[in-house]
Amino acid sequence: MAARPGLQQEAAVLAGAVRGSLGPRGGRALLVRPDGRALLTRDGRRLLEALSLQPPTARVMAACACRLQSATGDGAKTFVLLLAAVLGAMREGSQRRAARALPAFERRVLERAVARGLRPHLRSAFPAGGPGAELEAAALEALLEAYLRGRLGPGERRAVALLGCELCARCEARRSPALRLLCGRFAQLHAAVAGLPLARSRVLPGVLLRRDFAAYCSAGGRLRAVLVTRCLRPVLTAPGVECAVRSERQHRAALRWCGGRTEAVMEHLRSSGVRLLLSGVKQHEEVIYYAKLHGVSVVECLSSEEVALISEITGISPYDPAGDSVQREITEAAVVTFCQPLLLGSQRYVHIGFSSAGAFQPHCLVLCAPIDAVNEQHAAALHGAFTMLLQLFRAVDQECGAEGESQNGASGVGSGYSPATETQVVTESIACGSSQVSEHQLGACRGETAAHSSDLALQESERPDCTPPASAPGPHSKELNVCTDGADSAGTHKLHTLYECADGMNESHQRHPAVCSHRNYSTAVAGTATLCEHLGVGKGPEKAGCGVAQSCPCSILEAGSVLPVGGYFEILLHYYIQHYAKQVQQSAVTVISNVVADALLSIPKALYGTERNGFTKFYLETTEALRKNQPLPVNEKGLESVYCKYQLVTSVLHCVTELLNIDLIIGVKRPLQKIEDNDSDDDF
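- Naming follows an unreviewed UniProt entry, where the protein appears as Bardet-Biedl syndrome 10 of Pavo cristatus.
- Here is the UniProt Sequence similarities (unreviewed entry) comment for the protein, exactly as written: "Belongs to the TCP-1 chaperonin family."

The structure is reproduced here in structure tokens:
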């Protein structure tokens, strides 16, 4: 039985909806909102969210694509196209067998193809590596411009890319901590102005608060500012406590006490050099009156996001003059270089320059466009671009340890494979707009136990009656040959890895042309770390005398890895998947490898679909250069993140696994009830 026909049709329909807007040559889609407003967009997530999807499995596909874009900043359209190509290429066979083969393919073929095949072709966006790596200016511009080609029109992408580069440079956000703050607080670090051309957009120093002054007192030079999150006017009693006022005289006395306490607070702020009060709540009119009287400017009703941004930039905590601590020293105060009102269009802002306490230098972006919808599109594109840039600082690591069970573990060795629990989909809370990324969807480091169980199941299904040959070293041993590329016989090692084997068979691996000489076991253990660094992936030997495996970290992808844009990642991965699939002896993994390798070509086919013989020429030139070990024929100046591409491929594979494991779809008409067992031991 092939992949369920409904899955293929649903994925094909989704792919047809987004294919027309893919790549720099793609067009825009006109979305009409319920209130009648129109929005021109090429954003894959917006397109998927606008579709009224009825089939629950189609909504699962769209939700997975939207979660991927929320995590990496891009890839929703490519996700759908690749998913449709993988499901459409599934040949006749068992769904369970294909689902079990996907984890084995990912571990045995995909990771090797990326770690060993792609690595020589990768470039680095960091001029100097290390924990404090900084994005190179030229690489930053190439990444932003290439990213915006698939989001904005030809007359906008260059200007918006330059604005993004300028904002990163002024905020010093070419390192991970500052870029993370810019990405997380981008909504508060930009303002939109409608009715002006894009050329009027500017990067301004400081922060723009979407409020007006409740009290403004002009002051020059550097001044101090405090942040408060409660009203400074004292209350007579605590919340929930009654205050009995028996006469009008007592009431007036209480009001005089509150007024005097408020004036004392403002006098203390004035004497401490505080000239700006930033409040997250509405302040009482007495606070505003005494603030004007003592020359203190007040900005009130700040949002919680703006309060958090100020705290992150300046490192201060809210000031609270509660109890008898009115006259205590004010230590939590920020240094402000300027503070002034600003009018942008018809909206009034408070423009404040803060002295940063960290690496991030506060600057804000003013985006101008003829209408609000275009401003919204530019802001969403820049936010996605910064999210993509943040992923450059992440690496994909693999733990290089001997795979297998411990000697005393009862994990089904020699037993049959038990089928997985049937998956049920409840169609009540699937939303494309979810920003939560599941660990199963985007996890780069998978547990070896699940992958090993899949391998055992595949071996069990393909060779149910196999027995150990006479030449096998033993039912619990396996020999793994690892040789350094281009080394002589004296510089090679032969690692002997012992682990529990379910069927007692030895897996035959393809050997490198180099001659591997035998060395003792201690030499192999000492050289494990060097081999892992050279190959990027591998299995280390187990610790002698026990069932605990020694492990060393191996990098599948290093931070800052980039490739030229335009389909090179897909062509390279297609080429090396086919190469490493020939070394796998399991037919199911080989079939899945061919399916995924062919499906990857659907992306450059869609990119070059408008050119006559464009894809054929590009494919032949690239593969010919790979066979002759020549540099790639790069035609584009842009760059793209390899980490985001790798996460896209693994997310598609995980989504296919989930879809193929669906056995039952239940439509729930009402909220699910939580069933609790209230019985105690005394009832039995």
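Having seen it, we continue.
**Some words on the overall build of the protein**
Consideration 1: Along its length, the protein carries 21 helices and 20 strands.
Consideration 2: Put simply, the protein has 684 residues, and 49% of those count as buried.
Consideration 3: Across the protein, contacts joining residues at least 24 apart in sequence account for 79% of those joining residues at least 6 apart.
Consideration 4: Counting every atom, the protein has about 32,500 Å² of accessible surface; 51% of that belongs to carbon and sulfur.

**A short note on the sheet that holds strand β3 (residues 123-124)**
Consideration 1: Sheet architecture is open: three strands sit in the order β3-β18-β19, paired in antiparallel fashion. Here the strands that pair on one side only, and so sit at the sheet edges, are β3 and β19 (639-641).
Consideration 2: Note: strand β18 (residues 561-564) against β19, three bridges, orientation antiparallel. Bridge pairing in β19 places Val562 opposite Ser641.

**Comments concerning the sheet that holds strand β8 (residues 274-279)**
Consideration 1: The sheet built from six strands is open, its strands ordered β6-β11-β10-β7-β8-β9 with mixed pairing. Strand pairing shows two members of the sheet lacking a second neighbour, β6 (207-209) and β9 (297-299), which therefore form its edges. Direction aside, neighbouring strands of the sheet carry axes that sit 35° apart on average.
Consideration 2: Bridge analysis of strand β7 (residues 223-228) against β8 gives five bridges, and the strand direction is parallel. Paired with Arg224 across the bridge in β8 is Val274.

**Details of the nonpolar core**
Consideration 1: Grouped together as the largest cluster of nonpolar side chains are 81 residues, with contacts concentrated most on Leu573 and Ile577.
Consideration 2: In terms of residue count, the dominant contributor to this core is helix α5 (residues 95-118) (12 residues).
Consideration 3: If sequence neighbours within four positions are ignored, Ile577 has contacts with Phe105, Val109, Leu110, Ala113, Ser593, Val596, Ala597 and Leu600.
Consideration 4: Counting residues in hydrophobic clusters, the runner-up holds 66 residues, among them Phe126, Val160, Ala334 and Met388.

**Description of empty space enclosed by the protein**
Consideration 1: Tallying each qualifying case throughout the model produces six cavities of 30 Å³ or more.
Consideration 2: Estimates place the volume of the largest cavity at around 630 Å³.
Consideration 3: Lining the largest cavity are 34 residues, and of these Asp74, Ala146, Val565, Glu640 and Lys645 sit closest to its centre.
Consideration 4: With four residues, the top contributor of residues to the lining of the largest cavity is helix α6 (residues 137-149).
Consideration 5: Here the lining of the largest cavity is composed, by residue class, of 15 nonpolar, 10 polar and nine charged.

**Considering the packing of helix α3 (residues 56-72) against helix α21 (residues 642-660)**
Any two packed helices are characterised by how steeply their axes cross, that is the angle between the axes, and by the distance between the axes.
Consideration 1: At a minimum axis distance of 11 Å, the contact between α3 and α21 shows a crossing angle of 155°. The orientation of α3 relative to α21 falls into the category roughly antiparallel. Regarding α3 and α21, the two cross each other, and that crossing is right-handed. Packed against α3, whose contacting residues are Thr57, Val60, Met61, Cys64, Leu68 and Thr72, the element α21 presents Cys644, Gln647, Leu648, Ser651, Cys655 and Leu659 at the interface.
Consideration 2: Here the contact of α3 with α21 is composed, by residue class, of eight nonpolar, four polar and no charged.

**What about helix α4 (residues 76-88)?**
Consideration 1: Under the 1.5 Å per step criterion, the end-to-end length of α4 is 18 Å for 13 residues, consistent within 8% with the ideal 18 Å.
Consideration 2: Most of α4 sits out of view: 12 of its 13 residues are buried.
Consideration 3: Of all the residues in α4, the buried ones are Ala76, Lys77, Thr78, Phe79, Val80, Leu81, Leu82, Leu83, Ala84, Ala85, Val86 and Leu87.

**Describing α6**
Consideration 1: For α6, with 13 residues, the first-to-last C-alpha span of 19 Å sits near the 18 Å given by 1.5 Å per residue.
Consideration 2: With 10 of 13 residues buried, α6 is to be regarded as a mostly interior element.
Consideration 3: For α6, the full list of buried residues reads Ala139, Leu140, Ala142, Leu143, Leu144, Glu145, Ala146, Tyr147, Leu148 and Arg149.

**Things to note about the side chain of His574**
Consideration 1: Positionally, His574 belongs in helix α17 (residues 568-581).
Consideration 2: A distance of 3.3 Å separates the side chain of His574 from the side chain of Tyr619, its partner in a polar contact.

**Overview of a nonpolar patch on the surface**
Consideration 1: A surface patch of nonpolar side chains, about 290 Å² in accessible area, is lined by Leu30, Val32 and Leu40.
Consideration 2: Along the chain, the position of Leu40 falls in strand β2 (residues 38-41).

**Regarding the pairing of strand β12 (residues 363-369)**
Consideration 1: With seven of seven residues buried, β12 is to be regarded as a mostly interior element.
Consideration 2: The two faces of β12 match: His363, Leu365, Leu367 and Ala369 on one face and Cys364, Val366 and Cys368 on the other face are all buried.
Consideration 3: Pairing between strand β5 (residues 202-205) and β12: four bridges, direction antiparallel. From the neighbouring strand, Pro205 faces β12, where its bridge partner is His363.

**Focus: the pattern of salt bridges**
Consideration 1: For the coordinates displayed, the defined rule picks out 19 salt bridges.
Consideration 2: The salt bridge involving Asp43 is made with Arg151; its shortest N-O contact spans 3.0 Å. Separated by 108 residues along the polypeptide, Asp43 in the loop between β2 and α2 (44-50) and Arg151 in the loop between α6 and α7 (157-170) bring together distant segments of the chain.
Consideration 3: Accessibility expressed as a relative area gives 9% for Asp43, which makes it buried.
Consideration 4: Note that Asp320 and Arg230 form a salt bridge whose closest N and O atoms lie 3.0 Å from each other. Taken together, the residues span a long stretch of sequence, with Asp320 in the loop between α11 (304-314) and β10 (334-344) and Arg230 in the loop between β7 and α9 (248-271) at a distance of 90 residues.

**Considering the environment of Leu382**
Consideration 1: Here Leu382 lies in helix α12 (residues 372-391).
Consideration 2: The class of Leu382 is buried, set by a relative accessible area of 0%.
Consideration 3: Placed 221 residues apart in sequence, Leu382 and Ala161 show a C-alpha to C-alpha distance of 8.1 Å.
Consideration 4: Apart from the residues lying within four places of it in its own chain, the contact partners of Leu382 are Val160, Gly164, Phe186, Leu365 and Leu367.

Rules of the game
Residues numbered from 1 in each chain as written. Predicted model: local features only at pLDDT ≥ 70, side-chain atom pairs only at ≥ 80, totals over all residues. Heavy atoms only, no water. UniProt positions renumbered as here; feature names shortened; annotations may be inferred. Helix = DSSP H or I, 4+ residues; strand = E, 2+ residues; numbered from the N terminus. Buried < 20%, exposed > 50% of the residue type's maximum accessible area, 1.4 Å probe, protein only. Contact = heavy atoms within 4.5 Å. Areas by Shrake-Rupley, 256 points an atom, 1.4 Å probe, with all protein chains shown as cover. Pairing = 2+ DSSP bridges. Axes fitted to C-alpha atoms, helices over the stretch in contact; angles between N-to-C directions. Core = buried A, V, L, I, M, F, W, Y, C linked by side-chain atoms within 4.5 Å. 1 Å grid on protein atoms, 1.4 Å probe; cavity = no way out; pocket = protein on both sides within 12 Å on 5 of 7 lines; lining within 4 Å. Points joined across faces, edges and corners; volume = space filled by probe spheres on them. Nonpolar A, V, L, I, M, F, W, Y, C, P; charged D, E, K, R; others polar. Parallel < 35°, antiparallel > 145°, perpendicular 65-115°, else oblique. Left-handed = near helix turned anticlockwise from the far one by under 90°. Expected span 1.5 Å × (residues − 1). Polar contact = N/O pair within 3.5 Å; in protein donor to acceptor, adjacent residues only side chain to side chain. Patch = residues over 30% accessible without salt bridge, like charges linked within 9 Å, V, L, I, M, F, W, Y side chains within 5 Å. Salt bridge = Lys/Arg side-chain N within 4 Å of Asp/Glu carboxyl O.

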